[in-house]
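Per-entry structural report
Each chain, letter by letter, is given below.
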Amino acid sequence: MTTMKRRALAGLGGVLAAGAGLGLGELTAALAGGTSPVVGVGTQLIDLAPGPAKDWAVKNLGTADKPILIGTVLLAVMVFAFLAGAIGASKPRIAVVMTVLLGLLAILAAATGRTLATNGFVQVLPGIITLLIATIGILLVLRALHLNPFGGGGDRKAFAAGGSKPHQTLATGSSTAEHAAERSTERPAEPADAPAGFDRRRFLGTTMALGVAGAGGLGASLVLPEGVNEATRRGIRIPAAASRARAVPAGVSVDVPGVSRFVTPNQSFYRVDTLLTVPKVDPRTWELRIHGMVDRELRLNFADLLNRRLIERDITLTCVSNEVGGPYVGNARWIGVPIAELLREAGVQGGADAVKSTSVDGLTIGTPLQALTDGRDAIFALGMNGEPLPFEHGFPVRMVVPGLYGYVSATKWIVDFEVTRFSEFSAYWTDRGWSVEAPIKTSSRIDVPKGFARIKAGPAVAAGVAWAQHRGIAKVEVQVDNGDWQPATLAAEDTIDTWRQWTFRWNATPGNHKLTVRATDADGQVQTADRAAPRPNGSSGLHNTVVMVE
Ligand SMILES: Nc1nc2c(c(=O)[nH]1)N[C@H]1C(S)=C(S)[C@@H](COP(=O)(O)O)O[C@H]1N2
Ligand SMILES: [Mo]
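Residues numbered from 1 in each chain as written. Chains lettered and ligands numbered in written order. Predicted model: local features only at pLDDT ≥ 70, side-chain atom pairs only at ≥ 80, totals over all residues. Heavy atoms only, no water.

1. Some details on the packing of aromatic side chains
- One pass over the full model with this rule turns up 9 aromatic pairs.
- Relative to Tyr328, the ring of Tyr270 lies with its centre 5.9 Å away and its plane at 40°, an arrangement referred to as tilted. Placement of the pair is Tyr270 in the loop between α10 (230-235) and β1 (287-292) and Tyr328 in the loop between β3 (311-318) and β4 (329-338), with a sequence separation of 58 residues. Both residues of the pair, Tyr270 and Tyr328, belong to the buried class. (Phe/Tyr/Trp six-rings, centres within 6.5 Å; stacked < 30°, edge-to-face > 60°. Helix = DSSP H or I, 4+ residues; strand = E, 2+ residues; numbered from the N terminus. Buried < 20%, exposed > 50% of the residue type's maximum accessible area, 1.4 Å probe, protein only.)

Below, the structure written as structure tokens:
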């Protein structure tokens, strides 16, 4: 057998050994909980990634960033494992060391990553299984290739299992013509110090077993139901709110095709989070702990929340990462428990100015205490648009606070709520260069016409949305080319916490025209034309669109 072929086989063996480790590691994670090796490493990459890299991914990959990251991690592991095996064909000890390193990486990611609400050992168990299985796997592969990683300087010596004639002992029962041919052709062809022989039957058996373990483990981990399922979620009945949202006024939606729907359907509601897999938290075991600088610590389960006074409100959510004209804004009808009432029950102590909330995956968000107690409708939301929260949007419970960007207020999958001081902690995003406090900036967007749309000359209509949550929109104006600012027609206002639609009728003359929009909030603040990137506290600048009039 040629050295090349031998390296290729060893490389393949390395891949299958790592694959078996990963597959059974994933299965352990699915069965016992703990950090999945692939997701654990991927999540660490997200958390360690420099801010600009993350911004780039959010902007250019959107929700595909997650599958792409998982695929990249898997590919990198497989390339590394192949190299480990291939190098092992001449230096078997290195193959073992590299494989152990892979396993250690999974354990390290689990041990240092954001902690789930499980105990420490369970957390790293999938990583340990990965390390053990992958290491045993590579040892078996090397053995089938008659390579001995333990043989001191004689790395290339065959395993001496059962005597000084390893080939005969290892190849028991394989006295087929094939094997004889293999032996007789390869022996003379290889240099004197080449590894002695190759046990084809054992190699096949080993690699097949590893392949089955890897694929089986991975497959089973994917089909095993995790946490609670969709039927359970849909089965939850949220009682009618004691305080209903007021009926949405008739005129909130302008009748122009292409304008965002006033209520964003859950399926098309934007989604921003740092998770590779959506948590499926079981509401039967879920608990929220309210503690810190309070007189009485509160522990509430899901039923406790369902039994409290519920309020229902329309609130428009916005992500700080939204670029001028961007899509990360959506409006929904939320139902839940007023946060202020629970804070009153707990008794907030003097000196506190913040709440640090934590989600089930360990992500932290810092919110000014004032925004939770100043009378606005900050809620622990249980429902969104008439159904229990979708898993992607924080099931079973999330925070919603009118007027603040999501990263400082909208904790999904919340499990912990600690009254504290901003000086006592730094939250996940603040550690990554985003501002500690971030009220939503007054903004507006042109939905129609789309950029570079072709329209007919004559009477034309532009339309879109504007938002300045918790202040309200007072005015929207449109500028054609460099002309005067002209008032747009505002649709009816639902509440000051929701976005507002607008239309603008103009007489389109042939040629290219630029339409620019700006909003003024109810405090009289005119949306600034100064361009700012989303970091550190939200984009600013005016949205414009160019139309081609024919
Ligand atoms: N647990 C958790 N909550 C989170 C986030 C997150 O990454 N993890 N992202 C926040 C951000 S940046 C925003 S804009 C909103 C988005 O909520 P949505 O995905 O339901 O639209 O959730 C917030 N809550
Ligand atoms: Mo966000």
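2. What to know about the packing of helix α1 (residues 3-32) against helix α4 (residues 65-88)
- In the contact formed by α1 and α4, the axes pass within 6 Å of each other and the chain directions differ by 135°. Taken together, α1 and α4 sit at an angle that is classed as oblique. The handedness of the crossing between α1 and α4 is right-handed. Here Arg7, Ala8, Ala10, Gly11, Leu12, Gly14, Val15, Ala18, Gly19 and Leu22 of α1 lie close against α4, whose contacting residues are Leu74, Val77, Met78, Ala81, Phe82, Gly85, Ala86 and Ile87.
- When the residues that make up the contact of α1 with α4 are grouped by side-chain class, the tally is 13 nonpolar, 4 polar and 1 charged. (Axes fitted to C-alpha atoms, helices over the stretch in contact; angles between N-to-C directions. Parallel < 35°, antiparallel > 145°, perpendicular 65-115°, else oblique. Left-handed = near helix turned anticlockwise from the far one by under 90°. Contact = heavy atoms within 4.5 Å. Nonpolar A, V, L, I, M, F, W, Y, C, P; charged D, E, K, R; others polar.)

3. Re unusual backbone geometry
- In this model, Phe395 is joined to Pro396 through a cis peptide bond whose omega is 5°.
- On the secondary structure map, Pro396 appears in the loop between β8 (387-388) and β9 (398-400).
- Backbone torsion omega between Arg535 and Pro536 reads 10°, so that peptide bond is classified as cis.
- Along the chain, Pro536 falls in the loop between β18 (511-521) and β19 (544-549).
- One non-glycine residue, Asn385, adopts positive backbone phi at about 50°.
- Tracing the sequence through the fold places Asn385 in the loop between β7 (379-384) and β8.
- For Phe452, which is not glycine, the phi dihedral falls at a positive 65°.
- With respect to the secondary-structure elements, Phe452 resides in the loop between β11 (443-448) and β12 (454-455).

4. Observations concerning the packing of helix α2 (residues 37-48) against α4
- The contact between α2 and α4 brings their axes to 9 Å, and the two run at 115°. By the angle between their directions, the pair α2 and α4 is classed as roughly perpendicular. Our pair here, α2 against α4, has a crossing hand that is right-handed. Contacts from Val38, Val39, Val41, Gly42, Leu45 and Ile46 in α2 reach Leu69, Ile70, Val73 and Leu74 in α4.
- Within the contact of α2 with α4, the residues separate by chemical class into 9 nonpolar, 1 polar and no charged.

What is shown is where atoms sit, not what they do.
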